[in-house]
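# A look at the structure
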Amino acid sequence: MSEAQKRNGARDLTGYRVVAVHAHPDDESIVTGGALADLTRRGADVLVVTCTLGEEGEVIGETYQGLVNEAADQLGGFRIAELKHALSILGVRGEFLGGAGAFRDSGMVGSPAHANPRAFVNSGERAVEELTRIFEAERPHLVLTYGPDGGYGHPDHIRAHEITHAAAERVDIPRILWAVHPRDELDQNAATTIPAGWRAPEPGELAAVEHTDTWVELDDATYHQKVEAMRAHATQIWVADGSVSETNPHAAWGHGPDVVFALSNLIAQPILNREHYQFGAGVALEHGADLLSGIAE
C-alpha cells in the first residue's frame, strides 16, 4: 500500500484474517507490534495467540520484584494485565493457547522450569491440538510466528514455531511468515547515547539475520503504537525516553536514529521503524511485497 493510501486511512485488508503465535506476553509487541497495528488499521481481523504467561521473566523496577517465580510466583498473572493493555493499543484480539495458564513458561535450557510437566516445551500433542482448534475457527489468511531457531534460541519460541507448522499441516494456511531482525539495520540504528547503567550490545550479541524476504514500513502513527504497546509491558521493557511508571519509577535517556529500549539485561537496542519477515510456508511472495500480497480474500 502506498504512503498516500496510508495517510488516507485506506482499509484495503477488510475481510482478511491474521493470527500471530507468540511465546510470552511482550513478544507480540517487540517483534510484530508494528505489523499487527498496520494490519488491523487497514481492516484485517487480527488475533494474537500467546502460549504462556511468561512466569519465568525477570522484573524491571523495585515495585513488583516480589512477583518473580523465586518469591511469590505471581508474575504470570500480573503480565496478563500488561498483555491486555498492549493488545488494546495495537487494536487486536488476544487469546491464550489452551486458556490462561494452560502452559507454563519453560525458561532457558537447563533451568528448573524446563522440567515442569506444565512447561510449554513439554506440551506435546495437546498444544498442537489447541492451536489447530484456533486455526480451524479463525481460518487465517496469514500466520506470523518465529523461525526454526525461535528468533534467538529461547525454547518457548522454538516450540511456538514447531506447533504453528504442525497445526498448519492440518489446517490450510495460505502463508506463514517468520519475524526476524536484519543485522544491517540493527547496526545502522544502534544507540549513539547509552543510558547510565546500560550497555551497548557486543558485536553479534543481538539475534539477527543476514537477509529478509519482506518488511513493513512503520509510519509515525504505527511506530507510536508499537512503542506504546512495548511500554505497556513495563515489568519487562524499559523505554529510554525519560518516561516513568508505577512499575519502574526510574527514567532513562538514550539517543539514536530510533527510540532506544532494553530488557532486564539492560542492553540498549533500537526500536526499528521497519519490521522484517522471512517466508516460512505457503504462497510465496515477491521480495519486499505486502504481507498479504497474492492471497485472495
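Residues numbered from 1 in each chain as written. Predicted model: local features only at pLDDT ≥ 70, side-chain atom pairs only at ≥ 80, totals over all residues. Heavy atoms only, no water.

### A closer look at unusual backbone geometry
Positive phi, close to 105°, is recorded for Asp26, a residue that is not glycine. Considering the arrangement of structural elements, one finds Asp26 in the loop between β1 (17-22) and α2 (27-41). On the basis of relative accessibility, which here comes to 8%, the residue Asp26 falls in the buried class. (Helix = DSSP H or I, 4+ residues; strand = E, 2+ residues; numbered from the N terminus. Buried < 20%, exposed > 50% of the residue type's maximum accessible area, 1.4 Å probe, protein only.)

### A short note on the confidence of the model for the chain
For the chain, per-residue confidence averages 95 on the pLDDT scale, and 97% of positions sit at 70 or higher. Within the chain, the element-level pLDDT minimum falls on helix α1 (residues 3-7), averaging 47, and the maximum on strand β2 (residues 45-50), averaging 99. (pLDDT = per-residue confidence, 0-100.)

### Considering the sheet that holds strand β7 (residues 238-239)
The strand order β7-β8-β9 describes an open sheet built from three strands, whose pairing is antiparallel. The outermost strands of the open sheet, each flanked by one partner alone, are β7 and β9 (269-270). As paired strands, strand β8 (residues 260-262) and β9 are joined by two bridges and run antiparallel to one another. Looking at β9, one finds that Phe261 is bridged to Gln269. (Pairing = 2+ DSSP bridges.)

### As for the nonpolar core
One broad rule of soluble globular proteins: the nonpolar side chains tend to lie buried together. Counting residues in each nonpolar core, the largest one holds 66 residues, and the members touching the most others are Leu97, Leu131 and Phe135. Among the elements that take part in this core, α2 stands out by supplying six residues, more than any other. Residues contacting Leu97, with those up to four places away along its chain left out, are Val49, Thr50, Cys51, Ala102, Phe103, Phe120, Ala127, Glu130, Leu131, Ile134 and Ile163. Core analysis: the second largest hydrophobic core is formed by nine residues, Ile60, Ala191, Ala252 and Ala262 among them. (Core = buried A, V, L, I, M, F, W, Y, C linked by side-chain atoms within 4.5 Å. Contact = heavy atoms within 4.5 Å.)

### A short note on the sheet that holds β2
Taken in spatial order, the seven strands of this open sheet run β3-β2-β1-β4-β5-β10-β6, and their pairing is mixed. Across the chains shown, the open sheet's two edge strands, defined by having one partner strand only, are β3 (93-96) and β6 (214-217). Neighbour-to-neighbour, the strand axes of the sheet open up by a mean angle of 25°, direction not taken into account. When β2 meets β3, the two strands line up parallel, connected through four bridges. Bridged to Val49 within β3 is Glu95. Lying over the sheet, helix α3 (residues 75-90) contacts β2 and β3, oriented at roughly 155° with respect to β3. (Axes fitted to C-alpha atoms, helices over the stretch in contact; angles between N-to-C directions.)

### Let's talk about helix α5 (residues 155-168)
If you check α5, its first and last C-alpha atoms are 20 Å apart, about what 14 residues at 1.5 Å a residue would give, namely 20 Å. Counted residue by residue, α5 has 11 buried out of 14 residues, so it is predominantly covered. Those residues of α5 lying buried are Pro155, Asp156, His157, Arg159, Ala160, His161, Ile163, Thr164, His165, Ala167 and Ala168. (Expected span 1.5 Å × (residues − 1).)

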